[in-house]
Amino acid sequence: MAALLVAAAIHAAPAKPNILFIMADDHAWQAVSAYGESRQLIQTPNIDRLAQEGMRFDLCLVNNSLCGPSRASIITGTYSHINGFYNNSNCRFDSSQITFPKLLQKAGYQTAIIGKWHLETDPTGFDHWEILPGQGIYYNPPMIRDGQQVKNPGYVTDIITDHSIDWLKQRDPAKPFMLLCWQKAPHRIWEPALCDLEFDHDRSYSLPNSLFDDYSGRGLAEHDQDMTIEKTMRLNEDSKLAVPPDLTAEQRKIWETYYVPRNEAFLKQKLSGRALTQWKYNRFMHDYLGCVRGVDDNVGRLLKYLDDTGLATNTIVIYSSDQGFFLGEHGWFDKRWIFQESARTPLLIRWPGVIRPGSVSKELVCNLDFAETFLQAANVSIPERMQGRSLLPLFQGETPADWRKAFYYHYYEYPADHHVRPHYGIITDRYTLAHFYAPDVDYWELFDREKDPGEMRSVFGNPAYAGEQTRLMQEVFRQRTELKEPEKDDPKSFGRQPKDAPGMSPLH
């Protein structure tokens, strides 16, 4: 009966709901309090409000856990090998492609993107765009507004929200809108708003169980990466022993009032080994979570604007991130891997009158689904080229019989930042299967997340998993064929290479 009522509500909803898509950069699901992570790192009441008034998705995955590739997949609804944006080092987005903003614009939507774009070419399909150059900076950021560079005093998260609200105020109220409010935070190098520097009162954060992981039971890729808090995280920039160069004199004074005495106390300790790693982890958590606090506050500002103007009742609000992020698990920060902290991203969606408040979905959903969801909600035809699925049936509490049971993942960029080797595989509700294949490795790993939620030891080759291993490997190759993955990767997909780099084939 409840499902019938929700289905009726969908049919009764206006044909053209507004769409507000708020996306953070590198916001780990572990740092959204609605997900209940055991460390209880931070409270995010405004983001949590979307879970309370809408639906929380507990297994939303990305196809290629890297900023540019994920964004290209989101707007096209396609995998990297289809849209051509594989990595952050040598790719430029082909703006002639079909995207959901173009299709919504053609269907009568006013469209805008404000914030981080990171696809190297100018946005298309938008009536208005105002983007950060490249990664952007946190303090006093320049932006490019409809092709013209402008300088903005203040903090980047607040500015992106200010300009998003300004655009909502001046739009044509006779037309539906689609606004992408895409934040920079909490991307490295994790610089919080100056007003938030004291937010955690010098809290000592609980350590993740695998902070000092020795990578036993796994292959060369995990051993030979460059993304550990211990070795990779830089004291000056990442841990704030150096002053950011973009501050005004007044801002610098506030920054130094907070960091200088704490840095001096740290230097006097002359820490080394595990003690130094723990200090760096705590400084990382302070800075990263301070950025998350700013994002959450600004989600609250956007929701308040919708409430105050009466727009909330006919606006789909989605909150997500371009991928997950390691918060010390395996001793790492950053993303890239097929593992849960990286490939899984937060997803919370509110649609009043359609999604039952407080709903939870445990189905496998992904960033490729966003485009098709927006198009179906707006009653716009979905191109056959798109490779995701609309989430509207899940909004109704109904899971189609043919809904995906396994999700295909493929990461390419190597040896650029962090030295993570290319790999592909699938993720199910229980298992992660990965093939590391380049340039000097060729091995598989299988993780049973029910028994090993931290993905600490591969059971590939274990006779107890022989049947499951065979089934999952067959599913990988079935999906590679179905998704039209080429047998040999595009040489450009791995990014900038040394002159003598060996060839890389996923099937050797």
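Read on for a plain summary of the structure. (Residues numbered from 1 in each chain as written. Predicted model: local features only at pLDDT ≥ 70, side-chain atom pairs only at ≥ 80, totals over all residues. Heavy atoms only, no water.)

## Some points on empty space enclosed by the protein
One pass over the full model with this rule turns up one cavity of 30 Å³ or more. Of the residues assigned to the lining of the largest cavity, the class counts are six nonpolar, three polar and one charged. (1 Å grid on protein atoms, 1.4 Å probe; cavity = no way out; pocket = protein on both sides within 12 Å on 5 of 7 lines; lining within 4 Å. Points joined across faces, edges and corners; volume = space filled by probe spheres on them. Nonpolar A, V, L, I, M, F, W, Y, C, P; charged D, E, K, R; others polar.)

## Side note on the sheet that holds strand 14 (residues 431-436)
Strand order in the open sheet formed by four strands is 12-13-14-15, with antiparallel pairing between adjacent strands. Single-partner strands in this sheet number two, and they are strand 12 (406-411) and strand 15 (443-448). When the angles between neighbouring strand axes are averaged without regard to direction, this sheet yields 15°. Where strand 13 (residues 423-428) lies against strand 14, five bridges are found, and the strand directions are antiparallel. Bridging from a neighbouring strand, I427 pairs with T432 of strand 14. The sheet strands contacting helix 13 (residues 466-482) are strand 12, strand 13, strand 14 and strand 15, and the helix crosses strand 13 at an angle near 115°. (Pairing = 2+ DSSP bridges. Helix = DSSP H or I, 4+ residues; strand = E, 2+ residues; numbered from the N terminus. Axes fitted to C-alpha atoms, helices over the stretch in contact; angles between N-to-C directions. Contact = heavy atoms within 4.5 Å.)

## With respect to the nonpolar core
Counting residues in each nonpolar core, the largest one holds 90 residues, and the members touching the most others are F100 and L104. Excluding residues within four positions of it along the chain, F100 makes contact with I74, I75, M178, L180, A371, F374, L375 and M386. Among the nonpolar cores identified, the runner-up in size contains 65 residues, and A112, I165, W167 and C291 belong to it. (Core = buried A, V, L, I, M, F, W, Y, C linked by side-chain atoms within 4.5 Å. Buried < 20%, exposed > 50% of the residue type's maximum accessible area, 1.4 Å probe, protein only.)

## A short note on the packing of helix 2 (residues 45-53) against helix 9 (residues 273-309)
Contact pair helix 2 / helix 9: the axes reach a minimum separation of 7 Å and the direction vectors enclose 55°. Considering their axes alone, helix 2 and helix 9 lie oblique with respect to each other. Residues P45, N46, I47, R49 and L50 of helix 2 form the contact with helix 9, whose own contacting residues are D296, D297, V299, G300, L303 and D307. For the contact of helix 2 with helix 9, the residue count by class is five nonpolar, two polar and four charged. (Parallel < 35°, antiparallel > 145°, perpendicular 65-115°, else oblique.)

## Examining the packing of helix 6 (residues 156-170) against helix 9
Taken N-terminus to C-terminus, the directions of helix 6 and helix 9 make an angle of 10°; their axes are 9 Å apart at the nearest point. When the axis of helix 6 is compared with that of helix 9, the two are roughly parallel. Once helix 6 is placed against helix 9, the crossing between them reads as right-handed. Together, T157, D158, T161, D162, S164, I165, L168 and K169 of helix 6 and G294, V295, N298, R301, L302 and Y305 of helix 9 make up the contact between the two elements. (Left-handed = near helix turned anticlockwise from the far one by under 90°.)

## So, the packing of aromatic side chains
Here a ring pair, both rings aromatic, is described through the centre-centre distance and the interplanar angle of the planes. Inspection of the entire model under this criterion finds 35 aromatic pairs. The interplanar angle of 20° and the centroid separation of 6.0 Å between the aromatic rings of Y138 and Y155 together place this pair among those described as stacked. With Y138 in the loop between strand 4 (128-131) and strand 5 (142-145) and Y155 in the loop between strand 6 (148-151) and helix 6, this pair connects stretches of sequence that are 17 residues apart. Across the pair, Y155 and Y138 agree in class, each one buried. Ring pairing ties together the aromatic residues Y79, F407, Y408, Y424, Y437, W444, F460 and F477, which thus form one cluster. Between the NZ or CZ atom of R274 and the centre of the ring of F212, over which it lies, the distance is 4.2 Å. Stacked on the ring of Y424, the Lys or Arg R480 has its end atom at 4.5 Å from the ring centre. (Phe/Tyr/Trp six-rings, centres within 6.5 Å; stacked < 30°, edge-to-face > 60°. Lys NZ or Arg CZ within 6 Å of the ring centre and 35° of its normal.)

Keep in mind these values describe shape, not function.
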